[in-house]
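Letter by letter, the chains look like this.
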Amino acid sequence: MAPTLLDLAHWSTWAVSAVMKLPQMAAVLSALSARGVSVGSLLLELAGFLVFLRYQIYYSYPLQSYLEYPIIIAQDVILLLFILRFRGDMKRALYYAITFGAGWYLLTLQKWIIDLAMNLCTFISAASKLAQLRYLWQTKDSGQVSALTWSMAAYTCATRIVTTVMTTNDLAVLIRFITMLILNIWVTATILHYRKTKKTD
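Note that the structure is predicted; figures quoted are calculated from it, not measured.

A. Structural view of the overall build of the protein. For the protein, the helix and strand inventory stands at eight helices and zero strands. Helices (α) and strands (β) of the protein occur, in sequence order from the N terminus, as α-α-α-α-α-α-α-α. In terms of overall size, the protein behaves like a compact globule, its C-alpha atoms giving a radius of gyration of 17 Å where 201 residues would be expected to give roughly 17 Å. Based on the C-alpha atoms only, the size of the protein along its principal axes is roughly 50 × 40 × 25 Å. Per-residue burial over the protein gives 47% buried out of 201 residues. For the protein, the share of sequence-separated contacts (at least 6 apart) that also reach a separation of at least 24 residues comes to 84%. Surface summary for the protein: the accessible area is close to 10100 Å², and the carbon and sulfur share equals 71%. Both charge centroids of the protein, one from 17 positive and one from 9 negative side chains, sit 8 Å from each other.

B. Structural view of empty space enclosed by the protein. In total, this model carries three cavities of 30 Å³ or more according to the counting rule given. Quantified by volume, the largest cavity comes out at close to 140 Å³. In terms of lining residues, the largest cavity is bounded by 13 residues, among which Lys21, Leu42, Glu45, Leu79 and Trp150 are the most central. Residue assignment for the lining of the largest cavity shows that the elements contributing at least two residues are α3 (39-58) and α7 (147-166). Taken together, the residues that form the lining of the largest cavity break down as six nonpolar, five polar and two charged. In this structure, the second largest cavity spans a volume of roughly 120 Å³. Forming the boundary of the second largest cavity are 15 residues, of which Phe49, Tyr69, Ala153, Thr156 and Cys157 lie nearest the centre. Listing elements by their share of the lining of the second largest cavity, those giving two or more residues are α3, α4 (68-86), α7 and α8 (171-200). Residues belonging to the lining of the second largest cavity are distributed by class as follows: eight nonpolar, two polar and five charged.

C. Seen up close, the packing of aromatic side chains. Inspection of every chain in the model, using the stated rule, returns 10 aromatic pairs. An angle of 80 degrees between the planes, with centres 5.0 Å apart, marks the rings of Tyr58 and Tyr59 as edge-to-face. Owing to a relative accessible area of 25%, Tyr59 belongs among the partly exposed residues under this scheme. Both rings, one in Tyr95 and one in Tyr96, keep their centres 5.7 Å apart while their planes meet at 55 degrees; by these two values the pair is tilted.

D. Highlighting a nonpolar patch on the surface. Among the surface-exposed residues, Leu5, Leu8, Val162, Val165 and Met166 lie close enough to one another that they form a single nonpolar patch of about 400 Å² accessible area. Of all the secondary-structure elements, those providing two or more residues to the nonpolar patch are α1 (2-19) and α7. Ranked by residues supplied to the nonpolar patch, first place goes to α7 with three residues. As for its placement among the helices and strands, Leu5 is situated in helix α1.

So, how was this worked out
Residues numbered from 1 in each chain as written. Predicted model: local features only at pLDDT ≥ 70, side-chain atom pairs only at ≥ 80, totals over all residues. Heavy atoms only, no water. Helix = DSSP H or I, 4+ residues; strand = E, 2+ residues; numbered from the N terminus. Rg over C-alpha atoms; globule rule 2.2 N^0.38 Å. Buried < 20%, exposed > 50% of the residue type's maximum accessible area, 1.4 Å probe, protein only. Contact = heavy atoms within 4.5 Å. Areas by Shrake-Rupley, 256 points an atom, 1.4 Å probe, with all protein chains shown as cover. Lys, Arg positive; Asp, Glu negative; His and termini not counted. Charge placed at Lys NZ, Arg CZ, Asp CG, Glu CD. 1 Å grid on protein atoms, 1.4 Å probe; cavity = no way out; pocket = protein on both sides within 12 Å on 5 of 7 lines; lining within 4 Å. Points joined across faces, edges and corners; volume = space filled by probe spheres on them. Nonpolar A, V, L, I, M, F, W, Y, C, P; charged D, E, K, R; others polar. Phe/Tyr/Trp six-rings, centres within 6.5 Å; stacked < 30°, edge-to-face > 60°. Patch = residues over 30% accessible without salt bridge, like charges linked within 9 Å, V, L, I, M, F, W, Y side chains within 5 Å. Salt bridge = Lys/Arg side-chain N within 4 Å of Asp/Glu carboxyl O.

Here it is in C-alpha coordinates:
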(Lines give C-alpha, C1' and ligand atoms only; values in the text may rest on other atoms or scores of the structure.)
Protein backbone atom coordinates (compact mmCIF):
# COMPACT_ATOMS: atom_id res chain seq x y z
CA MET A 1 0.00 0.00 0.00
CA ALA A 2 2.73 2.47 0.99
CA PRO A 3 4.77 2.12 -2.24
CA THR A 4 1.60 2.57 -4.31
CA LEU A 5 0.65 5.71 -2.37
CA LEU A 6 4.19 7.05 -2.74
CA ASP A 7 4.22 6.39 -6.49
CA LEU A 8 0.78 7.99 -6.89
CA ALA A 9 1.91 11.06 -4.94
CA HIS A 10 5.09 11.38 -7.03
CA TRP A 11 3.37 10.92 -10.39
CA SER A 12 0.46 13.23 -9.61
CA THR A 13 2.86 15.91 -8.35
CA TRP A 14 4.91 15.71 -11.54
CA ALA A 15 1.80 15.81 -13.72
CA VAL A 16 0.34 18.84 -11.94
CA SER A 17 3.72 20.59 -11.87
CA ALA A 18 4.16 20.12 -15.61
CA VAL A 19 1.18 22.40 -16.21
CA MET A 20 1.08 24.40 -12.96
CA LYS A 21 2.04 27.80 -14.35
CA LEU A 22 0.30 27.38 -17.71
CA PRO A 23 -3.04 28.87 -16.53
CA GLN A 24 -1.17 31.90 -15.17
CA MET A 25 0.83 32.28 -18.40
CA ALA A 26 -2.34 31.89 -20.47
CA ALA A 27 -4.13 34.58 -18.42
CA VAL A 28 -1.25 37.02 -18.83
CA LEU A 29 -0.87 36.31 -22.56
CA SER A 30 -4.57 36.51 -23.36
CA ALA A 31 -4.91 39.86 -21.58
CA LEU A 32 -1.51 41.14 -22.78
CA SER A 33 -1.22 42.36 -19.21
CA ALA A 34 0.28 41.20 -15.92
CA ARG A 35 -2.22 43.19 -13.84
CA GLY A 36 -2.54 41.68 -10.39
CA VAL A 37 0.63 39.58 -10.61
CA SER A 38 3.33 40.65 -8.17
CA VAL A 39 6.86 40.61 -9.65
CA GLY A 40 8.29 40.62 -6.12
CA SER A 41 6.26 37.54 -5.27
CA LEU A 42 7.46 35.75 -8.40
CA LEU A 43 11.13 36.63 -7.74
CA LEU A 44 10.92 35.44 -4.13
CA GLU A 45 9.20 32.24 -5.26
CA LEU A 46 11.92 31.64 -7.83
CA ALA A 47 14.62 32.21 -5.20
CA GLY A 48 12.92 29.79 -2.82
CA PHE A 49 12.59 27.14 -5.53
CA LEU A 50 16.25 27.49 -6.52
CA VAL A 51 17.46 27.17 -2.92
CA PHE A 52 15.21 24.16 -2.34
CA LEU A 53 16.37 22.44 -5.54
CA ARG A 54 20.04 23.10 -4.72
CA TYR A 55 19.54 21.69 -1.20
CA GLN A 56 17.93 18.51 -2.52
CA ILE A 57 20.74 17.99 -5.03
CA TYR A 58 23.47 18.80 -2.48
CA TYR A 59 22.23 16.15 -0.06
CA SER A 60 21.64 13.60 -2.83
CA TYR A 61 17.97 13.17 -2.04
CA PRO A 62 16.05 10.84 -4.36
CA LEU A 63 15.34 12.50 -7.71
CA GLN A 64 11.65 11.61 -7.36
CA SER A 65 11.38 13.95 -4.36
CA TYR A 66 12.30 17.08 -6.32
CA LEU A 67 11.93 16.28 -10.03
CA GLU A 68 9.17 18.88 -10.44
CA TYR A 69 11.35 21.81 -9.39
CA PRO A 70 13.31 22.23 -12.64
CA ILE A 71 9.98 22.18 -14.48
CA ILE A 72 8.38 24.77 -12.18
CA ILE A 73 11.50 26.95 -12.26
CA ALA A 74 11.48 26.94 -16.07
CA GLN A 75 7.80 27.94 -16.05
CA ASP A 76 8.49 30.72 -13.52
CA VAL A 77 11.31 32.08 -15.69
CA ILE A 78 9.03 32.15 -18.74
CA LEU A 79 6.26 33.81 -16.73
CA LEU A 80 8.74 36.38 -15.40
CA LEU A 81 9.84 37.18 -18.96
CA PHE A 82 6.19 37.65 -20.02
CA ILE A 83 5.57 39.99 -17.09
CA LEU A 84 8.73 42.00 -17.74
CA ARG A 85 7.78 42.24 -21.41
CA PHE A 86 4.27 43.53 -20.72
CA ARG A 87 5.59 46.00 -18.17
CA GLY A 88 8.24 47.25 -20.60
CA ASP A 89 11.09 46.27 -18.28
CA MET A 90 13.00 43.57 -20.21
CA LYS A 91 16.34 45.16 -19.25
CA ARG A 92 15.99 43.64 -15.79
CA ALA A 93 15.98 40.08 -17.17
CA LEU A 94 19.77 39.98 -17.53
CA TYR A 95 20.26 41.36 -14.01
CA TYR A 96 17.95 38.68 -12.57
CA ALA A 97 19.69 35.93 -14.56
CA ILE A 98 23.13 36.96 -13.27
CA THR A 99 21.88 37.29 -9.69
CA PHE A 100 20.19 33.89 -9.65
CA GLY A 101 23.12 32.25 -11.44
CA ALA A 102 25.61 33.61 -8.90
CA GLY A 103 23.34 32.56 -6.04
CA TRP A 104 23.12 29.02 -7.42
CA TYR A 105 26.92 28.78 -7.39
CA LEU A 106 27.44 30.44 -3.98
CA LEU A 107 24.93 28.22 -2.18
CA THR A 108 27.25 25.22 -2.12
CA LEU A 109 30.60 26.86 -1.39
CA GLN A 110 30.26 25.72 2.24
CA LYS A 111 27.89 23.23 3.88
CA TRP A 112 26.70 25.81 6.41
CA ILE A 113 25.63 28.14 3.58
CA ILE A 114 23.26 25.62 2.00
CA ASP A 115 21.91 24.62 5.44
CA LEU A 116 21.29 28.23 6.41
CA ALA A 117 19.76 28.95 2.99
CA MET A 118 17.37 26.00 3.38
CA ASN A 119 16.28 27.28 6.78
CA LEU A 120 15.74 30.73 5.27
CA CYS A 121 14.06 29.17 2.22
CA THR A 122 10.82 28.69 4.13
CA PHE A 123 10.80 32.39 5.03
CA ILE A 124 11.68 33.38 1.46
CA SER A 125 8.92 31.21 0.02
CA ALA A 126 6.45 32.43 2.65
CA ALA A 127 7.43 36.01 1.82
CA SER A 128 6.61 35.33 -1.84
CA LYS A 129 3.09 34.23 -0.93
CA LEU A 130 2.66 37.14 1.49
CA ALA A 131 3.86 39.57 -1.21
CA GLN A 132 1.14 38.29 -3.55
CA LEU A 133 -1.44 38.51 -0.77
CA ARG A 134 -0.37 42.08 0.02
CA TYR A 135 -0.63 43.02 -3.65
CA LEU A 136 -4.13 41.55 -3.83
CA TRP A 137 -5.21 43.32 -0.64
CA GLN A 138 -3.83 46.66 -1.84
CA THR A 139 -5.44 46.52 -5.26
CA LYS A 140 -8.57 44.60 -4.19
CA ASP A 141 -8.40 43.11 -7.67
CA SER A 142 -7.22 39.63 -8.64
CA GLY A 143 -6.61 40.88 -12.20
CA GLN A 144 -4.84 38.20 -14.22
CA VAL A 145 -3.86 36.08 -11.20
CA SER A 146 -4.83 32.44 -11.77
CA ALA A 147 -6.64 30.69 -8.92
CA LEU A 148 -6.05 27.39 -10.73
CA THR A 149 -2.26 27.89 -10.63
CA TRP A 150 -2.34 28.64 -6.90
CA SER A 151 -4.63 25.69 -6.14
CA MET A 152 -2.30 23.37 -8.08
CA ALA A 153 0.58 24.71 -5.99
CA ALA A 154 -1.41 23.84 -2.84
CA TYR A 155 -1.99 20.33 -4.16
CA THR A 156 1.71 19.74 -4.86
CA CYS A 157 2.58 20.92 -1.34
CA ALA A 158 0.08 18.45 0.11
CA THR A 159 1.50 15.56 -1.91
CA ARG A 160 5.05 16.57 -1.00
CA ILE A 161 4.17 16.43 2.68
CA VAL A 162 3.19 12.79 2.13
CA THR A 163 6.28 11.94 0.07
CA THR A 164 8.64 13.66 2.52
CA VAL A 165 7.20 11.76 5.48
CA MET A 166 7.53 8.51 3.54
CA THR A 167 11.09 9.07 2.27
CA THR A 168 13.50 11.54 3.90
CA ASN A 169 11.41 12.77 6.86
CA ASP A 170 13.49 15.97 6.78
CA LEU A 171 11.94 18.35 9.32
CA ALA A 172 13.05 21.54 7.51
CA VAL A 173 11.45 20.28 4.30
CA LEU A 174 8.23 19.29 6.10
CA ILE A 175 7.92 22.69 7.79
CA ARG A 176 8.41 24.34 4.40
CA PHE A 177 5.70 22.30 2.69
CA ILE A 178 3.18 22.72 5.52
CA THR A 179 3.75 26.48 5.56
CA MET A 180 3.47 26.72 1.76
CA LEU A 181 0.29 24.61 1.74
CA ILE A 182 -1.42 26.99 4.17
CA LEU A 183 -0.28 30.10 2.30
CA ASN A 184 -1.16 28.72 -1.16
CA ILE A 185 -4.68 27.97 0.07
CA TRP A 186 -4.91 31.48 1.51
CA VAL A 187 -3.81 33.09 -1.77
CA THR A 188 -6.27 30.94 -3.72
CA ALA A 189 -9.12 31.95 -1.40
CA THR A 190 -8.15 35.63 -1.68
CA ILE A 191 -8.09 35.46 -5.49
CA LEU A 192 -11.53 33.85 -5.53
CA HIS A 193 -12.84 36.41 -3.03
CA TYR A 194 -11.76 39.38 -5.16
CA ARG A 195 -12.94 37.71 -8.34
CA LYS A 196 -16.38 37.18 -6.73
CA THR A 197 -16.40 40.74 -5.35
CA LYS A 198 -15.59 42.16 -8.78
CA LYS A 199 -18.40 40.16 -10.44
CA THR A 200 -20.99 41.40 -7.95
CA ASP A 201 -19.98 45.08 -8.36
